[in-house]
Structure formats: structure tokens, C-alpha cells
Amino acid sequence: MEISEIKEKDEKINAFIAFNNKFKSEEEGLKRINLSVHGKLKGLKVGVKSNMNVSGLKITCASKTLENYLSFYDATVVERVKANNGLIAGMTNMDEFACGSSGETSYFNPTQNPSAPGHIPGGSSSGSAAAVAAGFVDCALGSDTGGSIRNPASHCGIVGFKPTYGVVSRYGLIDLAMSLDQIGPMAKDVKTASLLLEVIAGQDGKDATCLNLDKNFYTFHKNLDENLKNLKFGYAKEFDDLISDAGIKNVIHKAIDKISSAGGEIVNVSLPDLNIALPTYYLNVYVEFFSATRKFDGRRYGYKIEDVCGEEVLRRIILGKFISQKENAKRYYRKAIMARTLIKKEISEIFKNIDVLLSPTVPKLPHKIGEKISDPRVMYAYDIFTVLANLAGIPAGVVPAGKIDGIPTALQFMGNALGDQKVLNAMYGFENL
Ligand code: GLN
């Protein structure tokens with residue numbers, strides 16, 4: 001699709017906040033030097049979530065706070081996309097500061113779900129998912145703190161992957177909660193997602209939390225293997241109790257049956273502490289987000305965040321401030337950290353016995369755009385199956401599994417820390433069934 005056509009079609013979808021005005025000349029330049037170019041993403045169009053720095057483009061985090069902020073440098077992931085001749089189409093829409101699960105909290109208006117018109121695309125990487133689903137780009141970068149890659153991928157019927165914490169550099173990403181955030185790929189299929197991951201992953205001197213692993217670890221695309229036969233899959237009975245939509249339950253169980261028929265071994269596992277995952281996640285996020293937003297005080301960048309932000313961002317700042325206060329830290333934050341350790345332990349125990357943990361991605365179908373949700377817990381409920389991977393720092397990806405009344409839903413694959421290849425292989429195997 002030509003960039004002019006994307007711009008025209010995006011008037012309906014609103015997947016982009018800003019387009020790369022140099023796109024056409026960059027594309028033509030690439031064609032002209034065609035023979036000498038060997039980048040892995042040669043000529044592929046890439047969307048970038050509006051919380052990652054791309055030099056010369058508006059990095060707004062979909063907030064009025066940064067509405068006029070022009071970036072002057074490239075995030076490491078962006079630098080690597082460019083070095084591999086990927087073409088950056090523009091900055092995608094998102095929930096404000098990545099706080100949300102619907103794509104509706106953007107200052108630049110909500111994004112439509114191209115695969116389920118009238119419904120939310122999910123969030124917070126709403127624009128990245130919609131841009132892929134609408135065929136505007138070949139792939140996109142999303143960020144995932146508690147499911148923001150996987151949730152919109154599920155609702156939009158595409159593939160999304162959150163790597164093990166530390167596999168991809170966060171340099172140049174505007175934090176939501178830095179101990180949970182990871183950048184990852186979104187694409188129509190597992191192959192393209194693995195290719196983008198292969199490009200962006202790897203050690204980075206600019207991010208101290210970024211791991212330095214053997215170079216063979218990072219060859220995700222090259223090493224894809226669709227064989228499900230030697231893999232042992234787990235499914236926790238607690239997942240079923242939390243799915244609120246019968247259609248989703250049906251699609252997920254059919255998908256598991258398919259894996260079993262293809263030779264994958266399925267075993268029952270148990271996650272008794274699943275019920276504390278959401279409060280644990282949100283308490284951690286509030287505190288880290290409050291601290292991350294202190295730099296938006298109106299002196300260096302744009303406006304003071306509290307003066308202009310939306311309701312959900314303000315809620316997190318106020319609660320984060322409250323929980324961080326010395327007299328409250330013991331009661332809430334310290335407990336949240338303890339609970340996080342507990343969940344992490346429970347999950348690593350499970351992986352002693354299985355290769356891949358399967359689960360639904362979302363417990364319910366996406367609501368209609370504009371539907372009033374006054375209790376934040378109703379929005380938070382979308383995240384129950386996705387926050388686990390962030391709390392434990394493990395890899396997790398989603399692949400479309402079927403539709404309910406025309407609305408897509410995905411099966412989630414989680415792996416042990418650094419089991420990224422295994423997870424991608426299982427996703428690839430399932431996709432090809
Ligand atoms: N929906 C979750 C939240 O609002 C996840 C956000 C994300 O992963 N960026 O925090």
C-alpha cells in the first residue's frame with residue numbers, strides 16, 4: 001500500500017498519530033540502491049508505538065503532555081530497524097502513556113478495530129495492532145508492561161510477542177513501569193514477528209538491564225521450528241474459572257485439542273495464586289509510573305502531566321504517590337513486591353515440568369468503542385492472563401485461535417525465562433496447523 005493510500009484509509013481507523021513525511025523519499029532511495037542493500041527488513045513497512053523515540057518525529061505518548069514533543073534521537077530498537085532497511089511509516093496511536101487496555105484513552109482519539117468494526121482494538125498498543133491488521137504496515141513495534149502487545153494483537157487477529165525481560169533494549173522507550181516494560185514485535189504471522197524480533201533484540205550498552213547472551217540466542221527467525229511433537233504444554237484449571245465468555249472458552253479448548261492432535265503433550269498444572277496477579281501488577285505499576293512521570297513537570301517537556309492528562313493517568317499518579325509515601329509503603333508496596341516474588345516462584349516451579357504454558361489471552365471480548373466503563377477494575381480485568389508474564393519476566397506470545405461472532409481471539413503461549421525460541425516455535429507450529 002502506498003503511503004498516500006494509508007493516510008487516506010487511516011482517516012477511518014486512526015492507527016497513526018503522525019506519519020513519517022520522509023517515507024516516500026526513503027522508500028525511493030532504498031529502491032535505487034537496491035542491489036547493495038541486504039538489511040533483514042529490506043523495504044518492509046514498520047509502525048512504531050508513540051512511546052519510542054524516532055528522530056524528527058512527534059513522540060507524544062498519545063498525551064497532551066507531549067503533544068508538541070519532537071524527538072532528536074532514535075531508540076535502540078528504531079536504530080536497528082533503520083540499520084536493517086526497515087521503513088518507518090509513522091508513530092502509532094496508543095492509550096495515553098500506555099495506561100489502558102482499550103486504545104480509548106488517547107488524546108488523539110480512539111483507534112478502530114479493523115478486524116471487528118465498532119469494537120475497541122485493545123491496548124495499549126492499539127495503533128500498532130490496527131495498522132498491522134488493516135494491512136497498512138508489514139509489522140509494528142509495541143511495548144508490553146502487562147499485556148499491551150498481546151491484548152490488542154488478540155482483539156485484532158494478529159500475532160504479538162513479548163520477549164523475556166532484558167532481551168530487547170528499552171533505551172529510548174518512555175517508561176510506564178520499567179521493571180515490567182518490554183518492547184516486542186507485532187505482525188500478521190509468526191515468521192515476520194520473529195524477523196523483527198531478531199533485528200531489535202540483543203545487548204545494548206545504553207540499557208543496563210539489557211542482557212548479553214550468546215549470539216545464537218538471537219537467531220529467532222532463522223531457527224523457527226514448527227514441530228510440536230516434542231513439546232510438553234501445560235494448562236491451568238484456574239484459567240477456565242476466569243474466562244467470562246463461553247465463546248472464548250470454546251475457541252481456546254478447541255485450539256488446545258488441535259495441539260494435542262498434532263502430537264503436543266498436554267498436562268494439567270495449577271496456579272493457585274492467579275487471583276492475586278492483578279492487584280500485584282497494578283500496585284507495582286502505580287508506584288513505578290508515579291516515579292517515571294516526575295520528569296513531566298512542565299519545565300523540560302511540554303505541559304505538567306497532572307494539569308493536562310486523562311483520568312486513568314491521573315489515577316495512577318495519585319495512587320502511586322500515596323502508595324510510595326513512607327508510612328504506606330509497608331502496607332502496600334512491600335506486600336506487592338512480596339506477592340510478585342511469590343508469583344514468579346510459582347511460575348518457575350511450573351516450568352520444571354512443562355515447556356510451554358498455554359492460556360487464553362483475554363477473558364472477554366472487546367467492548368464497543370465509547371461504551372462507558374466507570375469502574376476501572378472492569379478495564380483492568382482484561383489483563384488477568386497477560387500480567388503473569390511481565391510479573392515473572394518470562395516470554396509470551398499470542399496467535400489468532402478463532403473468532404466469536406466475527407471477533408478474533410488468540411491463544412497465549414508462555415515460556416520459561418530465555419525460552420523465547422521455544423515459545424516462538426510453538427506459536428509457529430500452532431499457526432501452521
Ligand atoms: N492494560 C495494562 C495497564 O493498563 C497494560 C498496559 C501495558 O502493557 N502497557 O497497565
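Report on the accompanying structure.

How each quantity is defined
Residues numbered from 1 in each chain as written. Predicted model: local features only at pLDDT ≥ 70, side-chain atom pairs only at ≥ 80, totals over all residues. Heavy atoms only, no water. Near = heavy atom within 4 Å. Polar contact = N/O pair within 3.5 Å; in protein donor to acceptor, adjacent residues only side chain to side chain. Areas by Shrake-Rupley, 256 points an atom, 1.4 Å probe, with all protein chains shown as cover. Nonpolar A, V, L, I, M, F, W, Y, C, P; charged D, E, K, R; others polar. Helix = DSSP H or I, 4+ residues; strand = E, 2+ residues; numbered from the N terminus. Buried < 20%, exposed > 50% of the residue type's maximum accessible area, 1.4 Å probe, protein only. Axes fitted to C-alpha atoms, helices over the stretch in contact; angles between N-to-C directions. Parallel < 35°, antiparallel > 145°, perpendicular 65-115°, else oblique. Contact = heavy atoms within 4.5 Å.

**Section: the site of the ligand**
Point 1. Of all residues adjacent to the ligand, which total 15 residues, the nearest are Thr145, Gly146, Ser148, Tyr281 and Arg316.
Point 2. For the ligand, an oxygen atom lies 2.7 Å from a polar atom in the side chain of Arg316.
Point 3. Calculation on the ligand without its partners gives an accessible area of 290 Å², and the protein chains cover 100% of this total.
Point 4. Counted by class, the shell around the ligand contains 5 nonpolar, 7 polar and 3 charged residues.

**Quick word on the environment of Lys42**
Point 1. For Lys42, the location among the structural elements is in the loop between helix 2 (23-32) and strand 2 (45-49).
Point 2. Residue Lys42 is classed as partly exposed on the basis of its relative accessible area of 38%.
Point 3. Sequence-wise, Lys42 and Asn85 are 43 residues apart; in three dimensions their C-alpha atoms are separated by 4.7 Å.

**Topic: the packing of helix 6 (residues 190-200) against helix 16 (residues 420-431)**
To describe two helices that pack against each other, one gives the angle between their axes and the distance between the axes.
Point 1. Two numbers describe how helix 6 lies on helix 16: the axes approach to 10 Å, and their chain directions differ by 160°. In this view, helix 6 runs roughly antiparallel relative to helix 16, as classed from their interaxial angle. In this structure, helix 6 contributes Val190, Lys191, Ser194 and Leu197 to the contact, and helix 16 contributes Leu424, Met427, Tyr428 and Glu431.
Point 2. In the contact of helix 6 with helix 16, the residues fall into 5 nonpolar, 1 polar and 2 charged.

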